[in-house]
Amino acid sequence: MANFKHCISSSWKWASSYIRFSKAAIFISGLIFSKSFIENAFKAFLIFYIIDSLENLSIGVAIVYTVAADGIQQFLVILIHHLAIDRHGDFRVIILTIPCLIFGLLILWLSSLLRSQQTRNQMLYIALPVILVGLAGKEVSLEGFLRQHFVEETIVVDESKSERQQEEDYNDIVDGRASLWSTGAGFLGQFICWTFTSSLRWQQRIMVSFIEVAAAYALFICGKRFFLRIPPTRRTAVSRLKEAGGLVKLIPLWLLFIPYCLVEVAGFSIFILQSDRLDTEINPRISLHSFNQVPVSSLYVFEQFISFLVSMSTKYLIRKLWSSEEAMQRGARYWRIGVGMAVGFGSLSSAWLVERRRSDLIKKNPNNDEVIRMTILWLAPQFGLLGIANGLISKGLTDFFYDRVPESKRYFVVLFNQSLTVIGSFLSGLAVLLGPDWLGDTIDKRQLDRYLLMLAILNVAVLPLYIFLSLRFDWNIPDEVDGRDIEIEEVDGSDVEILIEEVDGRDVEIL
């Protein structure tokens, strides 16, 4: 009878907490929906907006503006992540940064109503940095804040596994519950944006985005009484930097991921530009215009969907095939990144072949306003391969970091991942400025095929070096206790802490 009452009590507590968490998730999901919506409606195609808004701007300068904006956003992600974790908390960061996004979109919308081109340009330079702050705040805090609401002590895992595997299983359950809401809201935002805004002019897109983000923010404010607010750690930036000193060991291997970041940057800049003058019609015999078009935004949604499927299926297969062999799981995650690099090379190779064919057709038809006889579906392979590479590497980089650092240093995963994107963005801009012979004044005159071929060769060249360094050296970073290193090794299915202390010039293990 006592066990029955305990079971009923536990079930009631779980049901009550799940209902409360679901209410919180509903209000947070509105902002996640708006994040995906504005990514598809505006941010992913920022380069087209800059070209359309700033008259007499060369394509090379437009690429520099676009990649610089992305680099600045990722740098802001690093700063805001510190503020969210150590100073103000996720809730306050969301409250303070989303109004920046709303205000920036409002400025862009109002500027589109003006006749003066000079005034519109000035307002764009004001609005864009403010929008980047809002987008960075969303990227940092939304999914982490949602995840907090699904962390609970009643989750049961298999106690026969090692402590690390129990922790991974627990995190998988929490992440699965949170991703059910975040992924659903995200794909709904992308689908609705792709369906209803693809044919809208920029003025209408920005107006709809402004209204949608403002409504989602108002909904979030209404649900604040359901939210959990974890207090910040109050750690200073100086103490964090001192703690990050041990991560220097990872820098040689970390640098090898920069070429792939150049592929990601090409995906939202050069890949998008390649759609210019391509035929978007599916079949001339289809009379309805809206059902006879393949906008470039559909390729972006296709890439994101492929990335999600590959990321989730790869994670599931690694855990399923080597459920009780932790070392094999680590090895599989290491090979996962290598395969992703190879697929990234395939994406660039496909883009190079497309650009060569596209350039030949443009030379035969130099009229800048006329569509060439080449369907936009030629871009589908490179976007699909980029989605596969992203699904393998983006999540793989997080696992790469977690596998090699102690839990006390996992805070730095955002610094580790986002700094790669920052460097990749600014290197791409620098390459555009230093390669004027490759990049003409218009997309039709430039020799993008040479630039894409260079990126492809660079990506395939670092792959053997990545394999060699990963196999040849130990990249694990031990924890520290009272100034001594501590390593965790699995012995008979349980984790054992081993202190490493230097005695007479030699490292001695102390259980």
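Residues numbered from 1 in each chain as written. Predicted model: local features only at pLDDT ≥ 70, side-chain atom pairs only at ≥ 80, totals over all residues. Heavy atoms only, no water.

> Mind showing me how you'd approach the overall build of the protein chain here?
Scanning the protein chain from terminus to terminus reveals 16 helices and 4 strands. Counting all 511 residues of the protein chain, 49% fall into the buried class. Look at the contacts in the protein chain between residues 6 or more apart in sequence, and 78% of them connect residues 24 or more apart. For the protein chain, the accessible surface area stands at approximately 25600 Å², while carbon and sulfur atoms represent 62% of it. (Helix = DSSP H or I, 4+ residues; strand = E, 2+ residues; numbered from the N terminus. Buried < 20%, exposed > 50% of the residue type's maximum accessible area, 1.4 Å probe, protein only. Contact = heavy atoms within 4.5 Å. Areas by Shrake-Rupley, 256 points an atom, 1.4 Å probe, with all protein chains shown as cover.)

> I would appreciate a short explanation of the packing of aromatic side chains in the present structure.
Two measures describe an aromatic ring pair: the distance that separates the ring centres and the angle between the ring planes. Enumeration over the complete set of coordinates arrives at 24 aromatic pairs. Each ring, one from Phe42 and one from Trp202, has its centre 6.4 Å from the other, and the planes form 90°; the classification is edge-to-face. One end of the pair, Phe42, is in the loop between helix H1 (2–41) and helix H2 (46–53); the other, Trp202, is in helix H7 (residues 202–222), with 160 residues separating them in the sequence. When the ring of Phe401 is compared with that of Phe416, the centres are 4.9 Å apart and the planes differ by 40°; the resulting orientation is tilted. Residue Phe401 is found in helix H14 (residues 380–404), and its partner Phe416 is found in helix H15 (residues 413–434); the two are separated by 15 residues along the sequence. Phe401 gets classed as buried once you look at its relative accessible area, which sits at 0%. In this arrangement the basic side chain of Lys43 is found over the ring face of Phe268, its NZ or CZ atom lying 5.7 Å from the centre. A cation over an aromatic ring shows up here: Arg229 above the ring of Phe91, its NZ or CZ 4.0 Å from the ring centre. (Phe/Tyr/Trp six-rings, centres within 6.5 Å; stacked < 30°, edge-to-face > 60°. Lys NZ or Arg CZ within 6 Å of the ring centre and 35° of its normal.)

> Which parts of the structure should I look at to understand the confidence of the model for the protein chain?
The predicted coordinates ought not to be read in detail in places where the model reports low pLDDT. Across the protein chain, the average pLDDT comes to 81, with 80% of residues at 70 or higher. Between residues 4–15, whose pLDDT stays under 50, and residues either more than four places distant or in other chains, the model counts 3 contacts. Within the model, the stretch residues 488–497 combines pLDDT values under 50 with 23 contacts to residues more than four positions away or in other chains. (pLDDT = per-residue confidence, 0-100.)

> What is the right way to look at the environment of Thr280 in this model?
Among the secondary structure elements, Thr280 is positioned in the loop between helix H11 (270–273) and helix H12 (296–321). The spatial distance from the C-alpha of Thr280 to the C-alpha of Gln293 is 5.3 Å, given a sequence separation of 13 residues.

> Help me out: how do you make sense of the nonpolar core in this one?
Where a protein is soluble and globular, its nonpolar side chains tend to be buried together. Residues Phe257 and Tyr466 are the most contacted members of the largest nonpolar core, which totals 129 residues. The biggest single contributor to this core is helix H5 (residues 117–148), with 12 residues. Residues lining this core come from more than one domain, with at least three contributed by each of domain 1 (23–151 + 170–225) and domain 2 (243–281 + 293–476). Look past the residues within four positions of Tyr466 in its chain and what remains in contact with it is Leu253, Leu256, Phe257, Tyr334, Ile337, Gly338 and Met341. (Core = buried A, V, L, I, M, F, W, Y, C linked by side-chain atoms within 4.5 Å. Domains from an automatic or database assignment.)

> Whenever I open this one, the packing of helix H10 (residues 258–267) against H15 confuses me. Can you help?
To describe two helices that pack against each other, one gives the angle between their axes and the distance between the axes. Their axes nearest at 8 Å, the elements H10 and H15 cross at an angle of 65°. The pairing of H10 with H15 is recorded here as roughly perpendicular in orientation. Regarding H10 and H15, the two cross each other, and that crossing is right-handed. Contacts between H10 and H15 involve Ile258, Cys261, Leu262 and Val265 from the first element and Leu420, Thr421, Ile423, Gly424, Ser425, Leu427 and Ser428 from the second. A per-class count over the contact of H10 with H15 returns 7 nonpolar, 4 polar and no charged. (Axes fitted to C-alpha atoms, helices over the stretch in contact; angles between N-to-C directions. Parallel < 35°, antiparallel > 145°, perpendicular 65-115°, else oblique. Left-handed = near helix turned anticlockwise from the far one by under 90°. Nonpolar A, V, L, I, M, F, W, Y, C, P; charged D, E, K, R; others polar.)

> It is not clear to me how the packing of helix H4 (residues 90–111) against H7 should be interpreted in this structure. Could you clarify?
Running from N to C, H4 and H7 point in directions that differ by 155°, and their axes come no closer than 9 Å. Judged by the inter-axis angle, H4 sits roughly antiparallel to H7. Seen from above, H4 lies across H7 with left-handed handedness. Between H4 and H7, the contacting residues are Phe91, Ile94, Ile95, Ile98, Pro99, Leu101, Ile102, Leu105, Leu106, Leu108 and Trp109 on the first element and Gln203, Ile206, Met207, Ser209, Phe210, Val213, Ala214, Tyr217, Phe220 and Ile221 on the second.

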